[in-house]
Amino acid sequence: MEAETMSECYRNDYPRPQFIRKEWLNLNGEWEFEFDDQVKGDEEKWWERQEKYSKRIQVPFAYQSKLSGIAESDFHDLVWYRRSFQLPEHYKGKHIIMHFGAVDYEASVWINGSLAMTHTGGHTPFSADITSFIQDGKNEVVVRAQDYSTDVTLPRGKQYWLQDSASIFYTRTTGIWQTVWLEPVAPSYIAKVRMTPDIDRKQIEIKAFIERSETKTRQYLKTRIEFKGKLIAEDQCLVTAASETRSIQLHDFNDHGLGGWWTPENPNLYDVTFELLQDGSVVDQVESYFGMRKISIENGQLCLNNRPYFQRLVLDQGYFPDGNLTPPSDAAIKQDVELTKAMGFNGARKHQKLEDPRYLYWCDKLGLLVYSEAANAYEFSEQYVERFTKEWQESIERDYNHPSIIGWVPLNESWGVPNIWANKQQQYHALAMYYLTKSLDPTRPVVSNDGWEMTKTDLFNIHDYEWRKEVLEERYRTIDHVLASRPSNRELAVTGFPYEGQPVLVSEFGGIAYKKSEWEGWGYSGAENDEDYAARLQAVIDPLHRSSVVQGFCYTQLTDVEQEINGLLTYDRVPKLPLETIKAIVLGKA
């Protein structure tokens, strides 16, 4: 992969690893930066301002993080960024697309003094064709980002609305926090693809969306699929509309462990090349991949590739000591996936965060199941519904193709719907999110409200921080015992939505605090030494392995985070016990 990057920039890894073009220009690195606490920027037209901004920031790190070079924790909800860039000579004649991985929360972008794009939503990507704004030589981009730090109806995840982190809430993120980049494309190009595997029919359905310039010349979409370097299938079709759908048979596919099924144990991936042809020439080429896997529920059994599959998950908040929500490097992302697998887990529940696409890439490549969970608001309002629904749809669109994602979690622990037990409007919202998600992706299970007070749901996910082994053994001995329990002093299901035989997962538990670094903090129960910690881990995990009801669990949590010390790893990713010791406990073999 070729990459044209600015000197001394951070995060120069390719930002969209499942849709790769060879040519791209990374705009990470040093930008001019300004707080606008007096809200003067709009009136004074800072997008035209001649003098330099007073600060410097390292993009893509939010100003609250150490890696930004600022590390300021005070409230500054309106901020401005500026930098110049120059396009390589061979970009001339191309259309230029500018991409933002994520800007929290509202963004306006000017190119050379003209407004080029706006976006609302702090966790999802956006882009625009900026060709008409580009000039020869030096160009300038200005970004205005506005956050609403104290608005508890804002989809925010774990970002705290008070000054200092406390309880289960952490440092805020304002402004740019994922990669900013440019790519050149032809006047006609492949905008996106949607790939849906069907292991039962041994085929992959591919829907390609084409941005087409006005031309009388015929255009063709060519698809080439390889597995481990061997050509498996090739397809070519005439492009007659804005989207074309093809179902391609995979003749090498079989069910004997030698074929191409994707599992955490054997994360087989098919490589695919898309080419847009015009006048016999390739005008656009994109490299991608897909995994052939199926997640389903059969007779109350949670299945991976038509076989019951016990899920050993870990809760992963996706925070880093120096970058906060932004991983410091691709190596750090990969390390988290590798450590998760080394401890015996086959999956992760990304908690209250839409994770960096490169995390999902490493989960696809190395083999780790992922439950994708939205960053929730904390209180309900009609404006919240509008904000959240838009961002959730964009999340599903961004990540639909990743084989590692096996479930969607729009709501968690009644966040954003705190009165769902009695409030019909909030119940309708949970139902709407369930059915909206199913309408966008009927291939994956959806959890209506992870933890408790569930409405319509495909999985019956329970949060239970009980630490006594004997209580857990009794509680999960039979389904009747499960349904009679109130482990968080909450009803598991809302009245009118009885249990319907869904698979039961204990999707949060454990949370054992153990101080193994200079960090001070808390957990749901505490250990005094290594021996005590190992015993406590085993006491909460073993009952779930022995239960005839539970089909998976999610241990809280992967790492310590700020004031929480209930991770299996410290905040700087040092295991609190030998990895092989943790793995034996997680696998139920200790």
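Residues numbered from 1 in each chain as written. Predicted model: local features only at pLDDT ≥ 70, side-chain atom pairs only at ≥ 80, totals over all residues. Heavy atoms only, no water.

In the nomenclature of an unreviewed UniProt entry, the chain is known as Glycoside hydrolase family 2 TIM barrel-domain containing protein of Paenibacillus urinalis. Turning to the chain, the UniProt record has this under Sequence similarities (unreviewed entry): "Belongs to the glycosyl hydrolase 2 family." (UniProt positions renumbered as here; feature names shortened; annotations may be inferred.)

Description of helix H4 (residues 424–440)
With 17 residues, H4 should cover 24 Å at 1.5 Å per step; its first-to-last C-alpha distance of 24 Å lies within 8% of that length. On its buried face, H4 sits against helix H3 (382–399) and strand E27 (405–409). Two or three places before Gln-425, at the start of H4, stands the capping residue Asn-423, its side-chain oxygen 2.9 Å from that residue's backbone nitrogen. (Helix = DSSP H or I, 4+ residues; strand = E, 2+ residues; numbered from the N terminus. Expected span 1.5 Å × (residues − 1). Contact = heavy atoms within 4.5 Å. Polar contact = N/O pair within 3.5 Å; in protein donor to acceptor, adjacent residues only side chain to side chain.)

Some details on the state of the cysteines
Under the definition given, this model contains zero disulfides. Not part of a disulfide, Cys-363 finds its nearest cysteine sulfur in Cys-554, a span of 13 Å. Taking the relative accessible area as the measure of exposure, Cys-363 reaches 0% and is therefore buried. Judged by relative accessible area, Cys-554 falls into the buried class, the value being 0%. (Disulfide = S-S within 2.5 Å. Buried < 20%, exposed > 50% of the residue type's maximum accessible area, 1.4 Å probe, protein only.)

Remarks on the sheet that holds strand E18 (residues 243–249)
The strand order E14-E15-E18 describes an open sheet built from three strands, whose pairing is antiparallel. Whereas interior strands pair on both sides, the edge strands pair on one side only; in this sheet they are strand E14 (189–198) and E18. With direction set aside, neighbouring strand axes in the sheet form an average angle of 20 degrees. Where strand E15 (residues 203–211) lies against E18, seven bridges are found, and the strand directions are antiparallel. Residue pairing for E18: Gln-203 is matched across the bridge by Gln-249. (Pairing = 2+ DSSP bridges. Axes fitted to C-alpha atoms, helices over the stretch in contact; angles between N-to-C directions.)

Regarding the UniProt feature "domain: Glycosyl hydrolases family 2 sugar binding" (unreviewed entry) in the chain
Under the UniProt annotation, "domain: Glycosyl hydrolases family 2 sugar binding" (unreviewed entry) lies at residues 26–161. In residues 26–161, the share of helix is 0% and the share of strand is 41%. The end C-alpha atoms are 32 Å apart.

A closer look at the packing of aromatic side chains
Applying the stated criterion across every chain yields a total of 38 aromatic pairs. Plain terms: the ring middles of Tyr-160 and Phe-169 are 5.2 Å apart, the flat faces sit at 10 degrees to each other, and that makes the pair stacked. Assigned by exposure class, Tyr-160 and Phe-169 land together as buried. Taken together, the ring pairs connect Trp-31, Phe-33, Phe-35, Tyr-63 and Tyr-81 into an aromatic cluster. Over the aromatic face of Phe-209 sits the side chain of Lys-192, whose NZ or CZ is 4.7 Å from the ring centroid. (Phe/Tyr/Trp six-rings, centres within 6.5 Å; stacked < 30°, edge-to-face > 60°. Lys NZ or Arg CZ within 6 Å of the ring centre and 35° of its normal.)

A closer look at the side chain of Asn-346
As for its placement among the helices and strands, Asn-346 is situated in the loop between helix H1 (330–342) and strand E25 (347–350). A polar side-chain atom of Asn-346 sits 3.5 Å from a polar atom in the side chain of Tyr-309. Contact partners of Asn-346, with chain neighbours within four places excluded, come to Pro-264, Tyr-309, Phe-310, Gln-311, Arg-312, Leu-313, Leu-368 and Leu-369.

Points about the sheet that holds strand E21 (residues 295–298)
The antiparallel open sheet is built from three strands, whose spatial order is E21-E22-E23. Where the open sheet ends on each side, the last strands, each with one partner, are E21 and strand E23 (307–308). Bridge analysis of E21 against strand E22 (residues 301–304) gives four bridges, and the strand direction is antiparallel. If you follow Ile-297 over to E22, its bridge partner there is Leu-302.

So, the confidence of the model for the chain
The predicted model of the chain averages 94 in pLDDT, with 97% of residues at 70 or higher. When the criterion is pLDDT under 50, residues 1–9 qualifies, and its contacts beyond four places in sequence or with other chains add up to 25 contacts. (pLDDT = per-residue confidence, 0-100.)

Some details on helix H7 (residues 530–546)
Because each turn of an α-helix spans 3.6 residues, side chains separated by three or four positions in sequence point in the same direction. When the terminal C-alpha atoms of H7 are compared, their 24 Å separation across 17 residues agrees well with the 24 Å that a helix rising 1.5 Å per residue should span. Within H7, burial applies to Tyr-533, Ala-534, Leu-537, Ala-539, Val-540, Ile-541, Asp-542, Pro-543 and Leu-544. In this structure, the buried residues of H7 make contact with helix H5 (469–475), strand E29 (504–510), strand E30 (512–513), strand E32 (550–556) and helix H8 (579–586). Taking the backbone nitrogen of Glu-531 as reference, a side-chain oxygen 3.2 Å away marks Asn-529 as the first, capping residue of H7.

Describing the side chain of Arg-11
Inspection of the secondary structure puts Arg-11 in the loop between strand E1 (4–5) and strand E2 (25–26). Relative accessible area serves as the criterion here: at 6%, Arg-11 is assigned to the buried category.

Thoughts on the pairing of strand E24 (residues 311–316)
Of all six residues making up E24, six are buried, and the element is well covered by its neighbours. Of the two faces of E24, both are covered, the one formed by Gln-311, Leu-313 and Leu-315 as well as the one formed by Arg-312, Val-314 and Asp-316. Direction of pairing for E24 relative to E32: parallel, over a ladder of four bridges. Its bridge partner lying in E32, Leu-313 is registered against Cys-554. Across four bridges, E24 lies against E25 in parallel orientation. Residue pairing across strands places Val-314 opposite Ala-348, the latter belonging to E25. What joins E24 to E25 is H1, and the crossover it makes is right-handed. (Right-handed = clockwise from strand over helix to strand, strands pointing away.)

Let's talk about the nonpolar core
Among the nonpolar cores identified, the biggest contains 79 residues, and Tyr-359, Tyr-533, Tyr-555 and Leu-568 are the most heavily contacted of them. Residue contributions to this core peak at six residues, all from H7. Membership of the second largest hydrophobic core comes to 31 residues, among which are Phe-33, Tyr-81, Tyr-91 and Met-98. (Core = buried A, V, L, I, M, F, W, Y, C linked by side-chain atoms within 4.5 Å.)

Quick notes on the environment of Leu-115
With respect to the helices and strands, Leu-115 occurs in strand E9 (residues 114–120). On the basis of relative accessibility, which here comes to 46%, the residue Leu-115 falls in the partly exposed class. Setting aside residues up to four positions removed in sequence, Leu-115 forms contacts with Ser-108, Val-109, Trp-110 and Phe-133.

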